[in-house]
Amino acid sequence: MTMLKTFKQAALKSLKSAGVSTLVHNSRWRRQRLLILAYHGISLSDEHLFNGSQFISAELFRNRLELLKKTRCAVLPLGEAVERLYRNDLPDRAVAITFDDGTSDFYRRAFPLIQEFGVPVTLYLTTFYSFYQRPVFDLMCSYLLWKGRTNVLDLKKLTGQDLKIDLSSHDARTAALSHIHAFAQGQKPSADEKDAFATSLAAQLSVDYDALLEQRMMHNLTPNEVSQLAAGGIDVQLHTHRHRTPMDRQLFLREIEDNRKSIQEMTGKNPTHFCYPSGVYDLTFLPWLREAGVVSATTCESGFASRSSNELLLPRFLDNATLSPIEFESWLTGISAALPRRRVGTRAYAGGRS
Ligand SMILES: [Zn+2]
């Protein structure tokens, strides 16, 4: 045997034994863990090109559901999954599927696929924009800046600032958005004033706003749609009324209460599971959540939930358009846990709107 061949065989052998032990390790390891998948929107048209971490195409969502089936994952209703996690009674490859926010595309794009595949799904619904049927302000502004990215934005006409921004780069659009945020924070405009702002932003960027409104782009589900979804088996849960978590106990509890009452009106059921808006959590919230009768809460920290996870700080896995089928599958099987990945520290705040 040549030296090279000996070396190659030894390397292969060690790789193989490492691989096998990883697999064995992971099957036992995975059985004690719950993978909670997190989604936001399924594109009505080009939203996944605008933001691939918040929107995926219907085609990609279908592929994910097919892969869940092919890999024989046990997709459980969230409440049952959390109960069985702490009872140490999870089936193999346990998964729960969650959607955040409740944008209107959920009814038209996600729901038909969910019904076709017959999987249980939890929708964390923020309710203010369900009653106020106009675009979600932050999301629409961000989308408009992307739609109008061949333009130069003149902030003078919008915020009064003497500033022009060429929107062709991602960084420039982020900067423009932060100017708009700062303006909205400072002026505290009403919902109608924000809506008028978004309308003028669209006009300045020559985006056909009426067409977007007609599609109900960046709108939330209507109360009637939520009722139909609940009747069709979708589990509707808490995400605050106005997509925010004030650091004041009374204001925090009011967010949960307004959200809960709205969901009860729409579904006839009492929601007890919660998801932190934008993934923002703070240990201060935990007693307040318990006080509000919340039995589980999910974050945007990436990972598997285990029995050692705090039930009010359950990690999730944010599926997104940049993830290949093999990478997604490695999360379903648990192999991903053995692969090197970016370390997630104990940050109090996670980025991104969710
Ligand atoms: Zn959210």
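See the structure shown above.
Residues numbered from 1 in each chain as written. Predicted model: local features only at pLDDT ≥ 70, side-chain atom pairs only at ≥ 80, totals over all residues.

*Asks:* Give me the overall build of the protein: which residues, what numbers.
*Replies:* Within the protein, the regular secondary structure consists of 15 helices and twelve strands. Burial statistics for the protein: of 354 residues in total, 38% are counted as buried. Within the protein, contacts between residues separated by at least 24 positions form 67% of all contacts whose residues are at least 6 apart in sequence. (Helix = DSSP H or I, 4+ residues; strand = E, 2+ residues; numbered from the N terminus. Buried ≥ 20, exposed ≤ 12 C-beta atoms within 10 Å, placed from the backbone. Contact = placed C-beta atoms within 7 Å.)

*Asks:* Give me the environment of phenylalanine 317: which residues, what numbers.
*Replies:* For phenylalanine 317, the position within the fold is in strand 12 (residues 314–318). A C-alpha to C-alpha distance of 9.9 Å links phenylalanine 317 and threonine 98, two positions 219 residues apart in sequence. Residues within four places of phenylalanine 317 in sequence aside, it is in contact with Leu35, Ile36, Leu37, Ala38, Ser302 and Trp331.

*Asks:* Outline the pairing of strand 12, listing residues and values.
*Replies:* A regular strand places its side chains so that they alternate between the two faces of the sheet. Sheet analysis places strand 1 (residues 34–39) next to strand 12, joined by two bridges and oriented parallel. By the bridge assignment for strand 12, leucine 37 is matched with phenylalanine 317. Two elements, strand 11 (residues 296–302) and strand 12, share two bridges in a ladder whose sense is parallel. Counterpart to threonine 298 in the pairing with strand 12 is leucine 314. (Pairing = 2+ DSSP bridges.)

*Asks:* Describe the pairing of strand 11, and please don't skip the residues or the numbers.
*Replies:* Among the seven residues that make up strand 11, six are buried, leaving the element largely enclosed by the rest of the structure. Across three bridges, strand 10 (residues 273–275) lies against strand 11 in parallel orientation. Bridged to cysteine 275 within strand 11 is threonine 298. Once the chain exits strand 10 it traverses helix 14 (residues 285–291) before rejoining the sheet at strand 11, and the crossover so formed is right-handed. (Right-handed = clockwise from strand over helix to strand, strands pointing away.)

*Asks:* Describe the packing of helix 7 (residues 137–147) against helix 10 (residues 191–204), naming the residues involved and giving the relevant values.
*Replies:* Axis separation between helix 7 and helix 10 bottoms out at 10 Å; the angle between their running directions is 5°. The orientation of helix 7 with respect to helix 10, classified from their angle, is roughly parallel. Together, Phe137, Met140, Cys141 and Leu144 of helix 7 and Lys194, Ala198, Leu201 and Ala202 of helix 10 make up the contact between the two elements. Residues of the contact of helix 7 with helix 10, tallied by class, amount to seven nonpolar, no polar and one charged. (Axes fitted to C-alpha atoms, helices over the stretch in contact; angles between N-to-C directions. Parallel < 35°, antiparallel > 145°, perpendicular 65-115°, else oblique. Nonpolar A, V, L, I, M, F, W, Y, C, P; charged D, E, K, R; others polar.)

*Asks:* Describe the environment of cysteine 141, listing the residues and the values that go with them.
*Replies:* Structurally, the position occupied by cysteine 141 is in helix 7. Leave out the neighbours within four places in its chain, and cysteine 141 touches Leu177, Ile180, Ala198 and Leu201.

*Asks:* Requested: an account of helix 9 (residues 170–187), with residues and values cited.
*Replies:* Spanning 18 residues, helix 9 covers 26 Å between terminal C-alpha atoms, matching the ideal 26 Å at 1.5 Å per step. Those residues of helix 9 that sit buried are Arg173, Ala176 and Ile180. Across the axial projection of helix 9, the buried residues extend over an arc of 65°, all falling on one side. Among the exposed residues of helix 9, those pointing more than 90 degrees away from its buried face are Asp171, Thr174, Ser178, Ala182, Gln185 and Gly186. Each element contacted by the buried residues of helix 9 is listed here: helix 7, strand 7 (152–154) and strand 8 (164–166). Among the residues trailing helix 9, lysine 188 stands out with phi positive, at a value near 45°. (Expected span 1.5 Å × (residues − 1). Arc of directions from axis to C-beta.)

*Asks:* Give a detailed account of unusual backbone geometry, specifying residues and quantitative values.
*Replies:* Here the phi dihedral of arginine 216 falls at roughly 60°; this positive angle occurs in a residue that is not glycine. On the secondary structure map, arginine 216 appears in the loop between helix 11 (209–214) and helix 12 (223–231). Its identity is not glycine, yet serine 278 carries a phi of approximately 55°, on the positive side. Its place among the elements puts serine 278 in the loop between strand 10 and helix 14. Take serine 278: there are 16 C-beta atoms within 10 Å of it, and that puts it in the partly exposed class.

*Asks:* Break down the nonpolar core for me, with residues and values.
*Replies:* Residues Leu34, Leu35, Ile36, Val95 and Leu123 are the most contacted members of the largest nonpolar core, which totals 60 residues. Among the elements that make up this core, the one with the highest residue count is strand 1 (six residues). If we skip the residues at most four places from it in the chain, isoleucine 36 touches Ala96, Thr98, Thr298, Ala305, Leu314, Arg316 and Phe317. One finds Leu139, Leu153, Ala202 and Leu212 within the second-largest nonpolar core, a separate group that totals 21 residues. (Core = buried A, V, L, I, M, F, W, Y, C linked by C-beta atoms within 7 Å.)

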